[in-house]
Amino acid sequence: SAGWRDNSASDAARANLSLGYDINENNSLVFSGNYTDSNTRYAGPLSLAQYKTDPQQSFYNSKSYSRDGSYSLSLDTQSAVGEGDIGLGWNFRDIFWDMGGKTKNFQYTASFTPKYKFETSENTHILVGFDGEYSNIDFKRLHDGSAPYKGYADASQISAEPYIGGDCTLFEKLVLNAVGRISFSRLSVDNTEFKQNSLDEFREISVRGTTILVPNPDWPPQINPANTYKEHVSFTGLGANFGATYKVENNTALFFKFDQIYH
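Residues numbered from 1 in each chain as written. Predicted model: local features only at pLDDT ≥ 70, side-chain atom pairs only at ≥ 80, totals over all residues. Heavy atoms only, no water.

A. Representation of the overall build of the protein within the structure. Looking only at helices and strands, the protein features one helix and twelve strands. Shown N-terminal to C-terminal, the secondary structure of the protein runs as helices and strands in the order β-β-α-β-β-β-β-β-β-β-β-β-β. In terms of C-alpha radius of gyration, the protein reaches 28 Å, well past the compact-globule figure of 18 Å for 263 residues. By principal-axis analysis of the C-alpha atoms, the protein measures approximately 100 × 50 × 40 Å. A burial count over the protein gives 22% of its 263 residues as buried. Partitioning the intrachain contacts of the protein with sequence separation of at least 6 by distance along the chain shows that 57% fall at a separation of at least 24. (Helix = DSSP H or I, 4+ residues; strand = E, 2+ residues; numbered from the N terminus. Rg over C-alpha atoms; globule rule 2.2 N^0.38 Å. Buried < 20%, exposed > 50% of the residue type's maximum accessible area, 1.4 Å probe, protein only. Contact = heavy atoms within 4.5 Å.)

Put into C-alpha cells, the structure is as follows:
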C-alpha cells in the first residue's frame with residue numbers, strides 16, 4: 001500500500017469460493033469463483049538527472065482501477081456407458097485508466113462446454129463434445145472524465161466448435177487416439193469517434209485579457225466519419241490431431257503426434 005517511489009502505492013483485495021454438492025453417487029455439481037478489486041498507481045519515468053537528484057520522486061501520477069471476476073459451474077456425471085461433464089463459465093474485467101487520457105473498458109466472456117466420453121469396449125472410447133463461447137469488449141474514451149465521450153467501440157465474437165474423437169488400445173502396447181473439430185466464428189466490430197472541436201457546449205475566448213465562455217457552434221458532438229465504422233466477418237476452419245504410442249518396455253515408449261490447429 002506504500003510504494004518505494006512517490007505515486008506508486010497500490011492495493012488489491014481478492015476473494016475465492018468453491019462449493020461442491022453430490023446429487024447422487026453418479027452426479028455432482030461443482031461451483032468455483034473468484035473476485036478481485038485492485039487500485040494501481042504508476043510512478044512513471046525519470047530522466048538521468050532527476051534520478052540522480054532523487055530516485056524516489058515522480059511526476060507521473062497515473063492510475064487504474066479494476067474489478068475482475070471468474071466463475072464456473074460444472075455438472076459431472078457418469079453411468080454404465082461412460083462419463084462426462086457440462087461446464088458453464090463467465091469471467092469479466094471492468095477497468096478504468098487515467099494515463100494522460102481517461103478510458104473505460106468492460107470485457108467479459110461466457111462459455112458452454114459439454115462433453116461425454118463413451119466406453120464402447122474395454123479398450124476403446126469415443127469422445128464427443130462442444131465448445132461454445134461469446135466474448136465482448138466495450139471501450140469508451142472519456143472527455144473530462146465523463147460524457148460526452150470522445151469515442152466508443154464495441155467488439156464481440158461468438159464461436160461454436162463441435163468435436164468428436166476417440167482412443168483405442170491394440171495388442172496391449174499400441175494406443176491410437178484422434179480428435180477432429182470444426183470451428184465456426186463470427187466477429188463484429190463497431191467504432192464511433194466524435195470530432196474534438198464539438199465535444200464542449202461552450203468555448204473559452206479571450207476579450208481584452210479576460211476569458212469568457214461563448215456557445216460552441218459545433219456542439220452537440222458530431223461524428224467523425226473518417227474513424228467511424230462497423231464491420232462483420234465470419235470464419236470457418238478445421239482442427240484435428242492424431243497420436244500413436246507404442247509401449248516398448250515398462251519404462252520406455254515411442255510416440256508420434258500430428259496437430260492441425262485453427263484459431
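That shown, we press on.
B. Highlighting the environment of L127. Tracing the chain through its elements places L127 in strand 6 (residues 124-143). Counting along the chain gives 40 residues from L127 to D167, while the straight-line C-alpha distance between them is 8.4 Å. Those residues in contact with L127 that sit more than four places away from it in its chain are K115, Y116, K117, Y163, I164, G165 and G166.

C. Structural detail: a nonpolar patch on the surface. On the surface, a nonpolar cluster with roughly 610 Å² of combined accessible area is contributed by Y21, I23, L29, L73, I86, L88 and F112. Elements represented by at least two residues in the nonpolar patch include exactly strand 1 (11-24) and strand 4 (82-98). Following the sequence through the fold, F112 ends up in strand 5 (residues 102-121). According to the relative accessible area criterion, F112 is partly exposed, its value standing at 36%. (Patch = residues over 30% accessible without salt bridge, like charges linked within 9 Å, V, L, I, M, F, W, Y side chains within 5 Å. Areas by Shrake-Rupley, 256 points an atom, 1.4 Å probe, with all protein chains shown as cover. Salt bridge = Lys/Arg side-chain N within 4 Å of Asp/Glu carboxyl O.)

D. A look at the packing of aromatic side chains. Following the criterion strictly, the structure yields twelve aromatic pairs and no others. When the ring of W90 is compared with that of Y108, the centres are 6.5 Å apart and the planes differ by 45°; the resulting orientation is tilted. On the criterion of sequence distance, the pair formed by W90 in strand 4 and Y108 in strand 5 is long-range, its members being 18 residues apart. Three or more aromatic residues joined by ring pairs make a cluster, and in this case those are Y71, W90, F92, F106, Y108 and Y134. (Phe/Tyr/Trp six-rings, centres within 6.5 Å; stacked < 30°, edge-to-face > 60°.)

E. Region of the structure containing the pattern of salt bridges. Per the counting criterion, the structure on display carries 14 salt bridges. Ionic pairing is found between K104 and D94, a salt bridge with its closest N-O pair at 3.3 Å. Taken as a pair, K104 in strand 5 and D94 in strand 4 lie far apart in primary sequence, ten residues in all. A salt bridge links D218 to R203, with the shortest nitrogen-to-oxygen separation between them at 2.6 Å. A residue pair is termed long-range when its members are at least 10 positions apart, and D218 in the loop between strand 10 (210-215) and strand 11 (229-249) and R203 in strand 9 (residues 202-207) qualify at 15 residues. Overall, D218 belongs to the partly exposed group, its relative accessible area being 23%. Residue classification places R203 among the partly exposed residues on the basis of a relative accessible area of 33%. Overlapping salt bridges, with partners in common, bring together K63, D98 and K102 in one network.

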